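# Structural overview for review
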Amino acid sequence: QVQLVESGGGLVQAGGSLRLSCAASGSIRSIHVMGWYRQAPGKQRELVAAITSGGSTNYTDSVKGRFTISRDNAKNTVNLQMNSLKPEDTAVYYCNALAVVASYRPYEDDFWGQGTQVTVSS
């Protein structure tokens, strides 16, 4: 199995910055995609940003130009630098990894962290 542990959430004023980090561990053969999702109260979970093992990135429109996703393939970590935060960015942020589990029969699966709260005050 693969475990994801997030850190870096918290409370910040509008216009401020936060950096989220996520470390993957366990029986990892490879991780194809790592990303961040968020879920605000009463809303569906949505993709914020994702990055492939080759470095290709994808952002939801509302965070383009403000958030930057980065990844260290050797350490199996992914970071999300969030600048110019807005109250509408308030949500629980979840780390996600599409990984191949190292086992007798390797298999690909989707893994999630427990989430970290980001609150942006106006």
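In what follows, the accompanying structure is described. (Residues numbered from 1 in each chain as written. Predicted model: local features only at pLDDT ≥ 70, side-chain atom pairs only at ≥ 80, totals over all residues. Heavy atoms only, no water.)

We now examine the environment of S121. Here S121 is to be found in strand β11 (residues 116-121). Distance from S121 to K86, taken between C-alpha atoms, is 7.8 Å for residues 35 residues apart in sequence. Each residue touching S121, except ones within four places of it in the same chain, is listed here: L11, V12, Q13 and A14. (Helix = DSSP H or I, 4+ residues; strand = E, 2+ residues; numbered from the N terminus. Contact = heavy atoms within 4.5 Å.)

In the structure shown here, the tally under the stated rule is 4 salt bridges. Its salt-bridge partner being D89, residue R38 comes within 3.0 Å of it at the nearest N-O pair. Within this pair, whereas R38 is found in strand β4 (residues 28-39), its partner D89 is found in the loop between β8 (77-82) and β9 (91-101), the two being separated by 51 residues in sequence. On the basis of relative accessible area, D89 is assigned to the buried category, the value being 1%. Measuring nitrogen to oxygen at the nearest pair gives 2.9 Å for the salt bridge that ties D61 to K64. For D61, a relative accessible area of 60% puts it in the exposed group. (Salt bridge = Lys/Arg side-chain N within 4 Å of Asp/Glu carboxyl O. Buried < 20%, exposed > 50% of the residue type's maximum accessible area, 1.4 Å probe, protein only.)

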